[in-house]
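Listed here are the chains, written in short residue letters.
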Amino acid sequence: MEQQALDRSSLPKLQINTLQMEDIRAAFVDGWRDFRSYPTFGLFFGAIYALGGIFIAVMLTYYHLPWMIIPVAIGFPLIGPFVAVGLYEISRRNQNGQAIGWKAILTEVFRQRERQLSWMAFVVLFIFWIWIYQVRLLMALFLGFRIPATLDAFANVVLTTPEGLLFLAIGTVVGTVLALILFTATVISMPLLLDHEVDFITAMLTSMRTVIENPVPMLTFGLIVAALALASLVPFFLGLLVVLPVAGHATWHLYRRAITAS
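Everything numeric in this text was worked out from a predicted model, so none of it was measured.

Asker: Which residues make up the overall build of the protein chain, and what are the values?
Answerer: Helix and strand counts for the protein chain come out as 13 helices and two strands. Looking at the protein chain as a whole, 48% of its 262 residues are labelled buried. Restricting to contacts in the protein chain with at least 6 residues of sequence separation, those with at least 24 account for 80%. Surface summary for the protein chain: the accessible area is close to 13,200 Å², and the carbon and sulfur share equals 69%.

Shown next as structure tokens:
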């Protein structure tokens, strides 16, 4: 991580623009175009994400914790913005007319370890840890020691018993709040930190202000991404091969429409 504080006098002035629903449509159109222009890169980063999900599911099954697969799968998209850094860089270079190659993209991704973006990894993973912890807590409160040993039995208990339905309802509310907090803090901050030398606190505050000042288009964008991410989990995470890169590229284009730096 950076050892020296950023020089405030050199920080860009950030202006938050007013977004319309047309900007959301255009962001996804541009994101799909970037994916089609550089499909190998998109599939590469999507595969990393998908394989990570498959590995977690296999390990949970191996350690006889299959009932954790559903909450982990639901929470797994929370770490998507951090995985998408390489996709932001591809879109950034494409917009700026810079060369796009494996060495340039991967070098920039690894360089983020020494920049402010590395701090965002702690924020993202901390929220993911809170999600998993609250699932375990709610299970203990509502299901006690009757947690089934198989995924099918767990789904049956959750969907057919009063305790299970209450667990599902409260878990959904808590999960929605956590997802909203993370989306608000990262949707603009992640591409902003890649694009400009700003500190991660400023980036998060800018992201939050952007969502607050443009609630309908920004939350619509978040709901679309969330719906696509959850749908992509159904074929054993394989849908993420396409959904992650398209959403990542779209997020970059939304950021460029939302923020003007001078």
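Read on, since the account is not over.
Asker: Run through the pattern of salt bridges, naming residues and quoting values.
Answerer: All told, the structure shown has nine salt bridges when counted by the stated rule. Residues Glu89 and Arg93 are paired through a salt bridge, measuring 2.7 Å at the closest nitrogen-oxygen approach. In this pair, Glu89 and Arg93 are both assigned in helix H5 (residues 85-96), four residues apart and thus about one turn of the helix distant. Residue Glu89 is classed as buried on the basis of its relative accessible area of 0%. Classification of Arg93 by relative accessible area gives buried; the value is 13%. Between Glu213 and Arg209 there is a salt bridge, and its shortest N-O distance comes to 3.7 Å. Taken together, the positions of Glu213 and Arg209, both in helix H11 (residues 200-213) and four residues apart, correspond to about one turn of that helix. The partly exposed category is assigned to Glu213, whose relative accessible area is 46%. Overlapping salt bridges, with partners in common, bring together Asp23, Asp30, Arg33, Asp34 and Arg257 in one network.

Asker: So what about the packing of helix H1 (residues 21-37) against helix H13 (residues 240-258)? Which residues, and what values?
Answerer: For the pair H1 and H13, interaxial distance at closest approach is 7 Å and the crossing angle is 130°. When the axis of H1 is compared with that of H13, the two are oblique. The element H1 and its partner H13 pack so that their crossing is right-handed. Contacts between H1 and H13 involve Asp23, Ile24, Ala26, Ala27, Phe28, Asp30, Gly31, Trp32, Arg33, Asp34 and Phe35 on the former and, on the latter, Leu241, Val242, Pro245, Val246, His249, Ala250, His253, Leu254 and Arg257. Its residues assigned to classes, the contact of H1 with H13 comprises 12 nonpolar, three polar and five charged.

Asker: Describe the nonpolar core, and please don't skip the residues or the numbers.
Answerer: Met139, Phe167, Met218 and Phe221 are the most contacted members of the largest nonpolar core, which has 65 residues in total. Of the residues forming this core, the biggest block, 11 residues, is contributed by helix H7 (residues 117-142). If we skip the residues at most four places from it in the chain, Met218 touches Leu19, Phe183, Val187, Ile188, Thr210, Val211 and Leu254.

Asker: Give a description of the packing of helix H9 (residues 162-186) against H11 that names residues and reports values.
Answerer: At a closest axis distance of 6 Å, the pairing of H9 and H11 adopts a crossing angle of 110°. On the basis of the axis angle, H9 is roughly perpendicular to H11. Within the contact between the two elements, H9 uses Phe183, Thr184, Ala185 and Thr186 and H11 uses Met204, Ser207, Met208 and Val211.

Asker: Can you lay out the packing of aromatic side chains for me, pointing to particular residues and giving the numbers?
Answerer: Inspection of the entire model under this criterion finds 11 aromatic pairs. Seen in terms of ring centroids, Phe126 and Trp129 are 6.1 Å apart; in terms of plane orientation they differ by 20°. Their pairing is stacked. Of the two residues, Phe126 and Trp129 are both situated in helix H7; the distance of three residues between them amounts to about one turn of the helix. Since its relative accessible area comes to 48%, Phe126 is described here as partly exposed. An angle of 15° between the planes, with centres 5.4 Å apart, marks the rings of Trp129 and Tyr133 as stacked. With Trp129 and Tyr133 both in helix H7, this residue pair falls four residues apart, about one helical turn. Among the residues examined, Tyr133 registers a relative accessible area of 49% and is labelled partly exposed. An aromatic cluster is present here, built from Tyr38, Phe41, Phe44, Phe45 and Trp102 joined pairwise through their rings.

Asker: How would you explain helix H8 (residues 151-160) if you had to name every residue and give the values?
Answerer: The α-helix advances 3.6 residues per turn, and as a result positions three or four apart in sequence lie on the same side. Those residues of H8 that sit buried are Phe154, Val157 and Val158. The buried side chains of H8 occupy one side of the element, clustering within an arc of 95° when seen end-on. Residues of H8 that are exposed and point more than 90 degrees away from the buried face comprise Asp152, Leu159 and Thr160.

Asker: Pulling in residues and values, what's your account of H1?
Answerer: Along its 17 residues, H1 runs 25 Å from first to last C-alpha, staying within 8% of the 24 Å computed at 1.5 Å per residue. By the burial criterion, the buried members of H1 are Asp23, Ile24, Ala26, Ala27, Phe28, Asp30, Gly31, Asp34 and Phe35. For H1, the secondary structure elements touched by its buried residues are helix H2 (39-62), H5, helix H12 (215-232) and H13.

Scoring rules and cut-offs
- Residues numbered from 1 in each chain as written.
- Predicted model: local features only at pLDDT ≥ 70, side-chain atom pairs only at ≥ 80, totals over all residues.
- Heavy atoms only, no water.
- Helix = DSSP H or I, 4+ residues; strand = E, 2+ residues; numbered from the N terminus.
- Buried < 20%, exposed > 50% of the residue type's maximum accessible area, 1.4 Å probe, protein only.
- Contact = heavy atoms within 4.5 Å.
- Areas by Shrake-Rupley, 256 points an atom, 1.4 Å probe, with all protein chains shown as cover.
- Salt bridge = Lys/Arg side-chain N within 4 Å of Asp/Glu carboxyl O.
- Axes fitted to C-alpha atoms, helices over the stretch in contact; angles between N-to-C directions.
- Parallel < 35°, antiparallel > 145°, perpendicular 65-115°, else oblique.
- Left-handed = near helix turned anticlockwise from the far one by under 90°.
- Nonpolar A, V, L, I, M, F, W, Y, C, P; charged D, E, K, R; others polar.
- Core = buried A, V, L, I, M, F, W, Y, C linked by side-chain atoms within 4.5 Å.
- Phe/Tyr/Trp six-rings, centres within 6.5 Å; stacked < 30°, edge-to-face > 60°.
- Arc of directions from axis to C-beta.
- Expected span 1.5 Å × (residues − 1).

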